[in-house]
Amino acid sequence: MLGEVLLQRLLPRDGLRPAASAGALPGGPGDRVVLFGSGQYRGSDVYLAVTPLAKIEDATALRFFAGLDGSCAPTWSPKEAKAVPLFATAGEKHPKSCVGELSVHWSTALGRWLALYNCGDRVDARAAANPWGPWSDWGVVYDPAVDSGNCDFIYRPDAGCD
């Protein structure tokens, strides 16, 4: 039941739409590496960068997501300072940005990019057809205050597991 509710919240109401072609990614033809990351631990949002696989060791080849233009196409910058967050996490559980551990991957089954991350003690999720978004609202995957996982499958010394 929880899985169905979460998917209804993360996926668009009009069903699955195909993701934009890789042509919207910078770096020309060929394989590219899509990098998702955050800044200060549990005090940042999620950012996106792309680099050609053949230039993975060349930091100057990185292109950072710099927002969407007037037609909603992604824009890219070689300057990290121009990078903008993919989505804001402030207000999910804390008044400021909260991303800790982060995992983003492409789900062939859902036809979506899925982002899972810690926000405080919770694990939240979002989904998007393209790596630059738009990303869904957040959904809670696991909340120890509600789901009673401490000491059952999550070890926390402060929860009296010993």
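In this text, all values refer to a predicted model and were calculated from it rather than measured experimentally.

Novice: Give me the overall build of the protein: which residues, what numbers.
Specialist: When helices and strands are counted, the protein shows two helices and eight strands. For the protein, the succession of helices and strands along the chain, N to C, is α-β-β-β-β-β-β-β-β-α. Per-residue burial over the protein gives 36% buried out of 162 residues. Counting only contacts in the protein whose residues sit at least 6 apart along the sequence, the fraction spanning at least 24 positions is 42%. Of the roughly 9,400 Å² of accessible surface on the protein, 56% is carried by carbon and sulfur atoms.

Novice: Could you give me a rundown of the sheet that holds strand β5 (residues 99-107), with the residues and numbers involved?
Specialist: The strand order across the open sheet formed by four strands is β5-β6-β7-β8, and the pairing between neighbours is antiparallel. Taken across any chain shown, the strands that pair with only one partner, and hence form the sheet edges, are β5 and β8 (139-142). Pairs of neighbouring strands in the sheet enclose a mean axial angle of 30 degrees, with direction left out of account. As defined by bridge partners, strand β6 (residues 112-119) adjoins strand β7 (residues 122-128) across seven bridges and the pair is classed as antiparallel. Each residue of the ladder has a partner; that of Y117, found in β7, is D124.

Novice: Explain the side chain of T89 to me, and be specific about the residues and the numbers.
Specialist: Relative to the helices and strands, T89 is located in the loop between β4 (74-77) and β5. Residue T89 is classed as buried on the basis of its relative accessible area, which comes to 0%. There is a polar contact of 2.7 Å between the side chain of T89 and the side chain of D45. A polar atom in the side chain of T89 sits 3.0 Å from the backbone nitrogen of C98. What T89 contacts, discounting residues up to four positions off in sequence, is S44, D45, K96, S97, C98, V99, Y117 and R126.

Calculation notes
Residues numbered from 1 in each chain as written. Predicted model: local features only at pLDDT ≥ 70, side-chain atom pairs only at ≥ 80, totals over all residues. Heavy atoms only, no water. Helix = DSSP H or I, 4+ residues; strand = E, 2+ residues; numbered from the N terminus. Buried < 20%, exposed > 50% of the residue type's maximum accessible area, 1.4 Å probe, protein only. Contact = heavy atoms within 4.5 Å. Areas by Shrake-Rupley, 256 points an atom, 1.4 Å probe, with all protein chains shown as cover. Pairing = 2+ DSSP bridges. Axes fitted to C-alpha atoms, helices over the stretch in contact; angles between N-to-C directions. Polar contact = N/O pair within 3.5 Å; in protein donor to acceptor, adjacent residues only side chain to side chain.

From the geometry alone we can't say anything about function, so treat these as descriptive.
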